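Reading the structure
This is what each chain is made of:
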Amino acid sequence: MANSELNYVPAPGVAGKFISVCEDESGALQGIEFHDDDNFNFGFDVVDVLAAECPDKTAMLHVSKEGKERRITFKDMMTYSNKTANYLHYLGIKKGDRVLLIMKRHYQFWFTLVALHKIGAIAVPCSFLLTKKDFEYRFKAGGINAVICTADGEVADEVEKAAKNYLGLRTKIIVNGTREGWANYNRDIRFFSATLKRPADAAGGNDTALMFFTSGTTSYPKMAAHSHKYPLGHYVTAKYWHQVDSEGLHFTISDTGWGKALWGKIYGQWLSEAPIFTYDYDEFFAKEILSMMEKYHMTSFCAPPTVFRMLVHVDMKKFDLSSLKNVSTAGEALNPEVYEKFYKATGLKIMEGFGQTETTLTIANLKGSVPRPGSMGKPSPQYDVVLLRDGDREVGVNETGEVCIRIKDKKPCGLFLGYYKDEEKTAQVLHDGYYHTGDTAFKDADGYLWYVGRVDDIIKSAGYRVGPFEIENEIMKLPYVLECAVTSVPDKVRGQAIKASIVLTKGYTETDKLKKDTMKYLKTNLASYKRPKFIDFVDSLPKTSSGKIRRSEIKSKDWKE
């Protein structure tokens, strides 16, 4: 948050027109201010400015699933976003239209996203794993006018099935292929001009630029709307958390269908003038990713905890990762056991962070901080974070409360505008001068925050309130556990009992002895009221398209049974 007593200076480079920062002698962020942003448009004010100032600088190194490399400069990014904007205009897409983007990790996603910002149309990133039912819901909920879709797989078939019951879809564009009745991006884009003048009424500032469907772990996905200022909110994400190098190469593992891609694959990175790496793979293989990191000398890396849980089961010492200077994670809480294994293998400390689809990076282990395994870190100076209980009571040290952001005076840059066309759900989280995240944590005596769980994940057993993450952390210490989820099941005596669903590492199979050994270990290492009463070995855990474990799905099934 802004503090008049701090000494602010413009941020380096292209960001300096819109952002001022205060750092201590070590370069750690003490405060941040945003200004001159009422007309800010990422396409014109960042991409086009960098194209003019450093046209030959790499914006993105893209590797296709076939291994073809493309080095895309900032001049290329301006050229092809302009061509794309003119193409979309030609197809009738205009300011205010909602455009669904289902483009995996295709390089055309970046051209298209920037083009939509320039046009003033609203980009709605979407997963390619969705089906007819998912698209029917999203079309109607978002009032979608156009779809730009990969030709890979069967997702375009699902779009067409859903479109039969929806009359609002005017335009369908296919990428990397052909399809009858669809405009062909790859074929048509070459015919359009690379010149685009910024219109007098260009979208910017508080105008809506993006809408994300939330992960939907507990209900139908909501549409979180963000303004054109949202990219500015990610300067902290890239500069002080990812710690990107303007002469290096940053790699965030994410499909473009969810918000994490925009955390790590465009906005803050280019505001920091740092190149990004994108690999358009179909299936994740840990050894392949490590080989890429070695080959392309990546300097910073960010991935969800699921990825790190896989990486620590590979012999990482076989790969030269000496170029790597900083690693980070978000999406769900990181187990300390995984942190320790990664540190032992690489000498790198994973900088955990916390945020939501509705925010940018909110709590994190930022540059200059010393991470504590299992802790989310401390609140970013960008947000005024408090832990509340019983509505509006700030909790004490080591007391669990809901993570909230104070918005009494002004909404911070990066916080969403609200849920699209849903005033009721918006009012449920934005009220009484706070944004309520629905996530709980406690703060230690040194100000570090420790994740407990979603409000809905808290287990109430025999009068005790138990957070699942603490139990999962203990289970993850077992050498044969790949990942796990702790949930509640009905219990006639306790009200709720605790269940652990466990995925075993390769080479282990479910046996009665393994279950008894697990129970014995937990009896020794957990208080009696925290011990799982049931253990279920499973092949996999249900997850959202963004990789978060869906505890609510496990819980719902058990409670119905």
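I will try to describe carefully the structure that is included in this document.

Cut-offs used in this document
- Residues numbered from 1 in each chain as written.
- Predicted model: local features only at pLDDT ≥ 70, side-chain atom pairs only at ≥ 80, totals over all residues.
- Heavy atoms only, no water.
- Helix = DSSP H or I, 4+ residues; strand = E, 2+ residues; numbered from the N terminus.
- Rg over C-alpha atoms; globule rule 2.2 N^0.38 Å.
- Buried < 20%, exposed > 50% of the residue type's maximum accessible area, 1.4 Å probe, protein only.
- Contact = heavy atoms within 4.5 Å.
- Areas by Shrake-Rupley, 256 points an atom, 1.4 Å probe, with all protein chains shown as cover.
- Lys, Arg positive; Asp, Glu negative; His and termini not counted.
- Charge placed at Lys NZ, Arg CZ, Asp CG, Glu CD.
- Axes fitted to C-alpha atoms, helices over the stretch in contact; angles between N-to-C directions.
- Parallel < 35°, antiparallel > 145°, perpendicular 65-115°, else oblique.
- Nonpolar A, V, L, I, M, F, W, Y, C, P; charged D, E, K, R; others polar.
- Salt bridge = Lys/Arg side-chain N within 4 Å of Asp/Glu carboxyl O.
- Polar contact = N/O pair within 3.5 Å; in protein donor to acceptor, adjacent residues only side chain to side chain.
- Pairing = 2+ DSSP bridges.
- Right-handed = clockwise from strand over helix to strand, strands pointing away.
- Core = buried A, V, L, I, M, F, W, Y, C linked by side-chain atoms within 4.5 Å.
- Expected span 1.5 Å × (residues − 1).
- Phe/Tyr/Trp six-rings, centres within 6.5 Å; stacked < 30°, edge-to-face > 60°.
- Lys NZ or Arg CZ within 6 Å of the ring centre and 35° of its normal.

Side note on the overall build of the protein
In terms of helices and strands, the protein carries 16 helices and 31 strands. A compact globule built from 561 residues would reach a C-alpha radius of gyration of about 24 Å, and the protein, at 23 Å, matches this within 12%. Principal-axis analysis of the C-alpha atoms places the extent of the protein at approximately 70 × 60 × 55 Å. Evaluated residue by residue, the protein yields a buried proportion of 60% over its 561 residues. Across the protein, every contact between residues at least 6 apart in sequence was considered, and the portion connecting residues at least 24 apart equals 66%. For the protein, the accessible area works out to roughly 23,600 Å², and carbon and sulfur atoms hold 48% of it. When the 76 positive and 72 negative side-chain charges of the protein are each reduced to one mean point, those points stand 4 Å apart.

Some words on the packing of helix H1 (residues 42-53) against helix H3 (residues 108-119)
Where H1 meets H3, the axes come as close as 8 Å, and the angle between the chain directions of the two elements is 130°. Overall, the two elements H1 and H3 adopt an arrangement that is oblique. Residue-level inspection shows Phe 42, Gly 43, Phe 44, Val 47 and Asp 48 of H1 in contact with H3, the latter providing Val 114, His 117 and Lys 118. Grouping the constituent residues of the contact of H1 with H3 by class yields four nonpolar, two polar and two charged.

Quick notes on the side chain of Asp 280
Structurally, Asp 280 can be placed in the loop between strand E14 (276-279) and helix H10 (286-295). No salt bridge is formed by the buried Asp 280. Its closest oppositely charged neighbour is Arg 105, at 5.2 Å. A polar atom in the side chain of Asp 280 sits 3.3 Å from the backbone nitrogen of Arg 105. A distance of 2.6 Å separates the side chain of Asp 280 from the side chain of His 106, its partner in a polar contact. Residue contacts for Asp 280: discarding those within four places in its chain leaves His 62, Val 63, Ser 64, Lys 65, Lys 104, Arg 105 and His 106.

Some remarks on the pairing of strand E20 (residues 385-389)
Each regular strand shows side chains that alternate between the opposite faces of the sheet. The buried fraction of E20 is high, at four of five residues. Sheet topology note: the E20/strand E22 (residues 401-406) ladder contains four bridges and is antiparallel. Across the sheet, the residue bridging to Leu 388 is Glu 402, located in E22. Here E20 runs beside strand E21 (residues 393-394); their pairing, made up of two bridges, is antiparallel.

Comments concerning the environment of Lys 325
If you trace the backbone, Lys 325 turns up in the loop between helix H11 (305-311) and strand E16 (326-329). Taking relative accessible area as the criterion, Lys 325 reaches 61% and is therefore assigned exposed. Excluding residues that lie within four positions of it along the chain, Lys 325 makes contacts with Thr 299 and Leu 348.

Some thoughts on the pairing of strand E8 (residues 146-150)
In terms of residue burial, E8 counts as a mostly covered element, since five of its five residues are buried. Burial of E8 is two-sided: the residues Ala 146, Ile 148 and Thr 150 facing one way and the residues Val 147 and Cys 149 facing the other way are all buried. With four bridges joining them, strand E6 (residues 98-102) and E8 adopt parallel strand pairing. What sits directly across from Leu 100, in E8, is Val 147. Handedness of the crossover is the feature at issue here: the chain leaves E8, passes through helix H5 (residues 155-163), returns alongside strand E9 (residues 171-175), and the resulting connection is right-handed.

Observations concerning the nonpolar core
Grouped together as the largest cluster of nonpolar side chains are 69 residues, with contacts concentrated most on Ile 19 and Trp 270. Sequence-distant contacts of Trp 270, defined by excluding residues within four places in its chain, comprise Val 14, Phe 42, Val 46, Val 47, Leu 50, Ala 59, Phe 74, Met 77, Trp 110 and Ile 276.

Describing helix H15 (residues 512-525)
Given 3.6 residues to a turn, an α-helix orients residues that are three or four positions apart in the same direction. The first and last C-alpha atoms of H15 sit 20 Å apart over 14 residues, in line with the 20 Å expected at 1.5 Å per residue. On its buried face, H15 sits against helix H14 (468-475), strand E30 (495-504) and strand E31 (534-538).

Considering the sheet that holds E30
Reading across from one edge, E29-E30-E31 is the order of the three strands in this open sheet, with mixed pairing throughout. The open sheet has two edge strands with one neighbour each: strand E29 (481-491) and E31. Taking each pair of neighbouring strands and ignoring which way they run, the sheet shows an average axis angle of 25°. Note that E30 and E31 share five bridges and pair parallel. By the bridge assignment for E31, Ser 501 is matched with Asp 536. Packing of H15 onto the sheet brings it into contact with E30 and E31, and relative to E31 it is tilted by some 130°.

Section: the pattern of salt bridges
Following the criterion strictly, the structure yields 37 salt bridges and no others. Here Lys 57 ties to Glu 247 by a salt bridge, and the two come within 3.5 Å at their closest N and O atoms. Taken together, the residues Lys 57 in the loop between H1 and strand E4 (58-63) and Glu 247 in the loop between helix H7 (235-242) and strand E13 (250-252) connect sequence positions 190 residues apart. Between Glu 136 and Lys 132 there is a salt bridge whose closest N-O contact spans 2.9 Å. Of this pair, Glu 136 and Lys 132 both sit in helix H4 (residues 132-142), four residues apart, which is roughly one turn of the helix. Residue Glu 136 is classed as buried on the basis of its relative accessible area of 18%. Each of the salt bridges in this network shares a partner with another, and the network as a whole consists of Lys 65, Lys 104, Asp 152 and Asp 282.

Brief notes about the environment of Thr 509
For Thr 509, the position within the fold is in the loop between E30 and H15. The spatial distance from the C-alpha of Thr 509 to the C-alpha of Phe 537 is 8.7 Å, given a sequence separation of 28 residues. Those residues in contact with Thr 509 that sit more than four places away from it in its chain are Leu 504 and Leu 514.

What to know about the sheet that holds strand E1 (residues 9-10)
Within the open sheet, the three strands sit side by side as E1-E2-E3. Their pairing is antiparallel. Of all the strands in the sheet, the pair left with one neighbour each is E1 and strand E3 (29-34). Summarising the sheet, strand E2 (residues 19-23) and E3 pair through five bridges and their orientation is antiparallel. Its bridge partner lying in E3, Cys 22 is registered against Gly 31.

Overview of the packing of aromatic side chains
Across all of its chains, the model carries 29 aromatic pairs by this definition. Aromatic pair Tyr 279 and Tyr 281: ring centres 5.4 Å apart, planes at 50°, arrangement tilted. Residue class for Tyr 279 comes out buried when judged on its relative accessible area of 6%. Residue Tyr 281 is classed as buried on the basis of its relative accessible area, which comes to 8%. Joined through ring pairs, the aromatic side chains of Phe 42, Phe 74, Phe 212, Tyr 230, Tyr 267 and Trp 270 make up one cluster. Lys 104 extends its terminal NZ or CZ atom over the ring of Phe 128, reaching a point 5.0 Å from the ring centre. Here Lys 222 stacks its cationic end above the ring of Tyr 419, 5.3 Å away from the centre of that ring.

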